[in-house]
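If you want the building blocks of each chain, they are given just below.
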Amino acid sequence: MKDSRRTAIKISGHHYDLFFIKPKSNANAHTYAKRLASMKNVAEVLVTEGECGFIVKARGRVAAAYKGEKAVVLQRSSYKQMTSYLQYRR
């Protein structure tokens, strides 16, 4: 059995923007998540339950990366946006 106290922790300094998006009523979660995941610079889409239906993890500063309609759609759809500067992983 592996001792979890000795697991190496990796630190990544990549910047990610996190967008918290409320689900739209009667929307197909699978289709909407695939649409979000297909956007440029989107690294990951998490489907959740409750008030926050989707968490979108986008690489870099999204406002600077997008020069058009898609950035506006992602930012306008989000009720909260945060930036992650460091990630800690096992």
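I will try to describe carefully the structure that is included in this document. (Residues numbered from 1 in each chain as written. Predicted model: local features only at pLDDT ≥ 70, side-chain atom pairs only at ≥ 80, totals over all residues. Heavy atoms only, no water.)

Moving on to the nonpolar core. The biggest cluster of nonpolar side chains holds 11 residues, and these are F19, I21, Y32, A33, L36, M39, V42, F54, V56, A58 and L74. Those elements that place two or more of their residues in this core are β2 (16–21), α1 (29–37) and β4 (54–59). (Core = buried A, V, L, I, M, F, W, Y, C linked by side-chain atoms within 4.5 Å. Buried < 20%, exposed > 50% of the residue type's maximum accessible area, 1.4 Å probe, protein only. Helix = DSSP H or I, 4+ residues; strand = E, 2+ residues; numbered from the N terminus.)

What follows concerns the packing of aromatic side chains. Under the counting rule described, the total for this entry stands at 1 aromatic pair. The ring of Y79 has K22 lying over it, and the distance from NZ or CZ to the ring centre is 5.2 Å. (Phe/Tyr/Trp six-rings, centres within 6.5 Å; stacked < 30°, edge-to-face > 60°. Lys NZ or Arg CZ within 6 Å of the ring centre and 35° of its normal.)

With respect to the helices and strands, R90 occurs in the segment after β6 (87–89). When the C-alpha positions of R90 and K10 are compared, they lie 6.1 Å apart, and in sequence the two are 80 residues distant.

Let us now look at the pairing of β4. For β4, a buried count of 5 out of 6 residues is recorded, marking the element as mostly surrounded by other parts of the structure. Pairing of β2 with β4 involves 6 bridges; the strand directions are antiparallel. Its bridge partner being in β4, F19 is matched across the sheet by V56. In textbook terms, the turn of a hairpin is the stretch between consecutive antiparallel strands, and for strand β3 (residues 42–47) and β4 this stretch comprises 6 residues, one of which, G50, has a positive phi near 90°. (Pairing = 2+ DSSP bridges.)

Below, the discussion takes up the side chain of Q87. For Q87, the position within the fold is in strand β6. Once residues lying within four places of it in the same chain are set aside, the contact partners of Q87 are K10, I11, S12, Y16 and K57. (Contact = heavy atoms within 4.5 Å.)

In total, this model carries 1 salt bridge according to the counting rule given. The shortest N-O distance in the salt bridge between E44 and K57 comes to 3.7 Å. One end of the pair, E44, is in strand β3; the other, K57, is in strand β4, and 13 residues separate them in sequence. Judged by relative accessible area, K57 falls into the buried class, the value being 12%. (Salt bridge = Lys/Arg side-chain N within 4 Å of Asp/Glu carboxyl O.)

Let us now look at the sheet that holds β3. Pairing within the open sheet is antiparallel, and its 4 strands lie in the order β3-β4-β2-β5. For this open sheet the edge positions go to β3 and β5 (78–84), each flanked by a neighbour on one side alone. The average undirected angle you get between the axes of adjacent strands in this sheet is 15°. Across 6 bridges, β2 lies against β5 in antiparallel orientation. Counted as the bridge partner of Y16 is S84 from β5. Along the sheet face, α1 touches β2, β3 and β4 and points at about 165° away from the line of β3. (Axes fitted to C-alpha atoms, helices over the stretch in contact; angles between N-to-C directions.)

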